[in-house]
Amino acid sequence: MMVTFRVSGNEPSTRSLDVEALTALGKSLLARAPADSYDGVKAVVDAANGGGAEAAYLCGAMAAVGAGLPQSWTMAFDCLAASAERGWAPARDEIKLLAARRSESWKALRDAVDIGALLAPGALEPVHAAPRIAVVEKFLTPELCDWLVARAGPRIVRARTFSGIDESRSNSAAEFGFLDLDIVLALVRARIASLTGLPVTSLENTQILHYATGQQFAPHYDYLDASQAGPWGQRAATFLVYLNDDFDAAETSFLKLDWRYRGAKGDAILFWNVDPSGAPDPLTLHAGLAPTRGEKWLLSQWIRQAP
């Protein structure tokens, strides 16, 4: 069964339609089991069609990731513009960021968005063959980095390992699930998928990591043993983006290579946790070293590979 969302700007709300209540209901249903997903999507779409500003924003995020609505960047940005026109502040901030220009008109900002450029991931530069490691300069603009840090700041909590809280990991993290995604994060995830050649559906929830002075992630592997991988498959690759650079030390250290990496703001590193045959690669032992001055912000994206 399909739901239909018509994109427009200041469409008046139907009197019988309490768009705020419908939006809240939709969000609640979407946060539950998949069995409620259709009703959740329908409630959000009905709220958006009734003039809801937040609901239009949520429709844009759903269209961006292809969950609940068909994947369409055109629809995503049209929804974003409609939400901005209706007065939703997060949508207004986001479309200004993505259009990278000023205008009094939300439609003009929408028309200025260069979707092709935003989706272009740059080029990987291989630096090691075994294990497979590559870097990409200026993967994200400084403005996008600042946006991600601002979104993560209020959400950070003590970071966890696969098995839970562990003394080997003292930094903090903010995890972004489905309802937390915005179009910026959807774009970042699409660019990562394009670079790695793996589908965006293979990406785990995106995390933004925060390291205060002295905090670290002790030597570890990102690959999983067979009991942990489950039906989603092995954690085949890790993609890290440096979101700031006003700190000292805090490199990503590959101990068995005696090699460290620290990117400038917006630079990224990709390393494969498995060898070309798909077997876990013990050469990927690595650590997140502590800042000796300042604080480090990092986007972390683990990527699965189905068996």
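You'll find the structure just up there.
Everything quoted here is computed from the prediction, not taken from an experiment.

The rules behind these values
- Numbers given to residues run from 1 along each chain, matching the order in which its sequence is written.
- The predicted nature of this model means local features are confined to residues of pLDDT at least 70 and side-chain atom pairs, given and counted, to a pLDDT of 80 or more, with totals for whole chains, interfaces and linings taken over all residues.
- With hydrogens and water stripped out, all remaining heavy atoms of the structure feed into the side-chain values.
- A strand pair is defined by DSSP finding two or more bridges across the two strands.
- Note on conventions: DSSP H or I runs of at least 4 residues are helices, E runs of at least 2 residues are strands, and numbering of each starts at the N terminus.
- Every angle, taken between N-to-C directions, lies between 0 and 180 degrees, and every axis is a line fitted to C-alpha atoms, over only the stretch in contact when it is a helix.
- Only heavy atoms enter the contact rule, under which two residues are in contact if any of them lie within 4.5 Å.
- Exposure is judged per residue with a 1.4 Å probe applied to protein chains only, and the accessible area is read against the type maximum: over 50% gives exposed, under 20% gives buried, and values in between give partly exposed.
- Regarding the arc, it is the one traced by the directions from the helix axis to the C-beta atoms.
- Any two rings among Phe, Tyr and Trp, with Trp reduced to its six-membered ring, count as a pair given centres within 6.5 Å; such a pair is stacked if its planes are under 30 degrees apart, edge-to-face if over 60, and tilted if neither.
- The rule is short: NZ of Lys or CZ of Arg within 6 Å of the ring centre and within 35 degrees of the ring normal puts a charge over the ring.
- Pairs of N or O atoms are called polar contacts if they sit within 3.5 Å, as long as, within protein, a hydrogen donor faces a hydrogen acceptor (for residues adjacent in sequence, only side-chain-to-side-chain pairs).

Visitor: Could you give an account of the sheet that holds strand β6 (residues 217-220), with specific residues and numbers?
Guide: Reading across from one edge, β6-β12-β9-β10 is the order of the 4 strands in this open sheet, with antiparallel pairing throughout. The sheet terminates laterally at β6 and β10 (259-261), the two strands that pair on one side only. Taken pair by pair, the neighbouring strands of this sheet meet at an average axis angle of 15°, ignoring direction. Pairing analysis gives 2 bridges linking β6 to strand β12 (residues 286-288), with the strands arranged antiparallel. What sits directly across from phenylalanine 217, in β12, is glycine 288.

Visitor: Please provide a residue-by-residue account of the side chain of serine 253, values included.
Guide: Its location among the elements puts serine 253 in strand β9 (residues 252-254). Among all residues touching serine 253, those that are not within four sequence positions of it are Trp259, Arg260, Leu285, His286, Ala287 and Leu289.

Visitor: How would you sum up helix α5 (residues 89-99)? Please name residues and give values.
Guide: By the burial criterion, the buried members of α5 are Ala91, Glu94, Ile95, Leu98 and Ala99. Down the axis of α5, the buried side of the element spans an arc of 120°, and every buried residue falls inside it. Positive backbone phi, approximately 55°, marks alanine 100, located one or two places after α5.

Visitor: Describe the pairing of strand β14 (residues 296-305), with residues and values.
Guide: β14 sits mainly inside the fold: 9 of its 10 residues count as buried. Two elements, strand β5 (residues 206-211) and β14, share 5 bridges in a ladder whose sense is antiparallel. If you follow tyrosine 211 over to β14, its bridge partner there is lysine 296. Bridging between strand β7 (residues 234-242) and β14 involves 8 bridges; their strand directions are antiparallel. Looking at the pairing, arginine 235 lines up with arginine 304 of β14.

Visitor: So what's going on with the packing of aromatic side chains? Residues and values would help.
Guide: Per the stated rule, a full pass over the model turns up 6 aromatic pairs. On the numbers, 5.9 Å between centres and 75° between planes, the contact of tyrosine 242 with tyrosine 261 is edge-to-face. Here tyrosine 242, found in strand β7, pairs with tyrosine 261, found in strand β10; they are 19 residues apart in sequence, far enough to count as distant. With respect to class, tyrosine 242 is no different from tyrosine 261; both count as buried. Ring centres of phenylalanine 254 and phenylalanine 271 lie 5.1 Å apart, and the angle between their planes is 85°; this geometry places the pair in the edge-to-face category. Here the residue phenylalanine 254 occupies a position in strand β9, and phenylalanine 271 occupies one in strand β11 (residues 268-272), the gap between them amounting to 17 residues. Taking relative accessible area as the criterion, phenylalanine 271 reaches 0% and is therefore assigned buried. Three or more aromatic residues joined by ring pairs make a cluster, and in this case those are Tyr242, Phe254, Trp259, Tyr261 and Phe271. The lysine or arginine in question, arginine 191, covers the ring of phenylalanine 139, its NZ or CZ lying 4.8 Å from the ring centre.

Visitor: Run through the side chain of histidine 220, naming residues and quoting values.
Guide: Position of histidine 220 among the secondary structure elements: in strand β6. With relative accessibility at 12%, the residue histidine 220 sits in the buried group. From its side chain, histidine 220 meets the backbone oxygen of alanine 218 in a polar contact 2.7 Å long. Engagement of the side chain of histidine 220 in a polar contact is seen with the side chain of aspartate 222, the distance being 3.3 Å. Those residues in contact with histidine 220 that sit more than four places away from it in its chain are Thr284, Leu285, His286 and Ala287.

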